[in-house]
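Coordinate analysis (summary)
If you want the building blocks of each chain, they are given just below.
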Amino acid sequence: MASLLAPINAGLAVYDWRSKTVWSYRSTKAFNLGSCVKVVTALSCSRRARAAGRGLSATEQGYITKSLRYSDNDAQTWLWNLTGQHQGYADTARWLGLSAGTAPVWGRGWGRSTSTPASSNRSNPRSSG
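Residues numbered from 1 in each chain as written. Predicted model: local features only at pLDDT ≥ 70, side-chain atom pairs only at ≥ 80, totals over all residues. Heavy atoms only, no water.

**So, the side chain of Thr-83**
How we decide: Secondary structure counts use DSSP, requiring at least four H or I residues in a row for a helix and at least two E residues in a row for a strand, with both numbered from the N terminus. When accessible area is computed with a 1.4 Å probe and restricted to protein chains, residues below 20% of their type maximum are described as buried, those above 50% as exposed, and intermediate ones as partly exposed. Polar contacts, as counted here, are pairs of nitrogen or oxygen atoms within 3.5 Å of one another; within protein the pair requires one atom able to donate a hydrogen and one able to accept it, and residues that are adjacent in sequence qualify only if both atoms are side-chain atoms. Should any heavy atoms of two residues lie within 4.5 Å, those residues are considered in contact.
Summarising the element assignment, Thr-83 is placed in the loop between helix H4 (73–82) and helix H5 (85–96). For Thr-83, a relative accessible area of 11% gives the class buried. A polar contact of 2.8 Å, which involves the side chain of Thr-83, links it to the backbone oxygen of Leu-79. The contact partners of Thr-83, leaving out residues within four places of it in the chain, are Thr-41, Ser-44, Cys-45, Arg-48 and Gly-88.

**Re the pattern of salt bridges**
Using the following cut-off: Any Lys or Arg side-chain nitrogen found within 4 Å of a carboxyl oxygen on Asp or Glu counts as a salt bridge.
Within the structure shown, the criterion is met by 3 salt bridges. The salt bridge involving Glu-60 is made with Arg-54; its shortest N-O contact spans 2.9 Å. The salt bridge involving Arg-94 is made with Asp-91; its shortest N-O contact spans 2.8 Å. Note that Arg-94 and Asp-91 are positioned in helix H5 at a spacing of 3 residues, about one turn of the helix. Classification of Asp-91 by relative accessible area gives partly exposed; the value is 34%. Each member of the salt-bridge network shares a partner with another, and the members are Arg-48, Arg-54 and Glu-60.

**A short note on the nonpolar core**
The line we're drawing: Residues belong to a common nonpolar core when they are buried Ala, Val, Leu, Ile, Met, Phe, Trp, Tyr or Cys residues joined through side-chain atoms within 4.5 Å.
Among the nonpolar cores identified, the biggest contains 6 residues, and these are Val-37, Val-40, Trp-80, Tyr-89, Ala-93 and Trp-110. Sorting the residues of this core by element identifies helix H2 (37–51) and H5 as the ones contributing at least two each.

**Some details on the pairing of strand S2 (residues 21–25)**
For the record, the criterion: At least two bridges found by DSSP between two strands is the condition for calling them paired.
Relative to S2, strand S1 (residues 12–16) is paired through 5 bridges, and the arrangement is antiparallel. In the sheet register, Asp-16 faces S2, and the bridge partner there is Thr-21. The antiparallel hairpin formed by S1 and S2 contains 4 residues in its connecting segment, where Lys-20 sits at a positive phi of about 60°.

**Quick look at H2**
To keep things clear, this is the line we draw: Multiplying one less than the number of residues by 1.5 Å gives the expected span of a helix.
A rise of 1.5 Å per residue sets the reference length of H2, with its 15 residues, at 21 Å; its end C-alpha atoms lie 21 Å apart and thus fit the reference within 8%. Buried within H2 we find Val-37, Lys-38, Val-40, Thr-41, Ala-42, Ser-44, Cys-45 and Ala-49. Where the residues of H2 are buried, they touch helix H3 (58–69), H4 and H5. Within two residues after H2, Gly-53 carries a phi angle of roughly 75°, on the positive side.

**Some thoughts on the confidence of the model for the chain**
To keep it simple, the criterion reads: The pLDDT value tells you how sure the predictor is about a given residue, anywhere from 0 up to 100.
Of all residues in the chain, 77% have pLDDT values of 70 or greater, and the mean over the chain is 80. Element-level mean pLDDT values for the chain span from 61 in helix H1 (residues 2–5) up to 97 in H3. Under a pLDDT of 50 for its full length, residues 123–129 has, in the predicted model, 11 contacts with residues more than four places off or in other chains.

**With respect to H5**
Its 12 residues give H5 an end-to-end C-alpha distance of 17 Å, which sits within 8% of 16 Å, the value for a rise of 1.5 Å per residue. Where H5 is buried, its residues contact H2 and H4. Just downstream of H5, Gly-97 is the residue with a positive phi angle, here 100°.

**A word on the environment of Ser-24**
Tracing the backbone shows Ser-24 in strand S2. Classification of Ser-24 by relative accessible area gives partly exposed; the value is 36%.

This is how it looks when you write it as structure tokens:
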């Protein structure tokens, strides 16, 4: 597998739940997440609404659509502020199984956020809610 990945700028970490082993290639190299950070923030908004016992409001849905469909940074910033900024993101990232290795960049530079393949958490992200 490493020979297949060598010519491209990629990293990979795979965790086997049964054997509790990990296989990795360039797992500590930081890679640009692009606008993927927006997906975590949208999920943070959904989790927040669910915790309050309600669905997403039309306003929240509109901002999520703008953020994800059109990569709208202003919509992302609105959602970021609504969901608790770094803490809200960190809580959802942890729930997804990501660790602090994921570093969202606030403001106009959302696309400069980075993470490493080694940033994934080896425990079940949904086991604690």
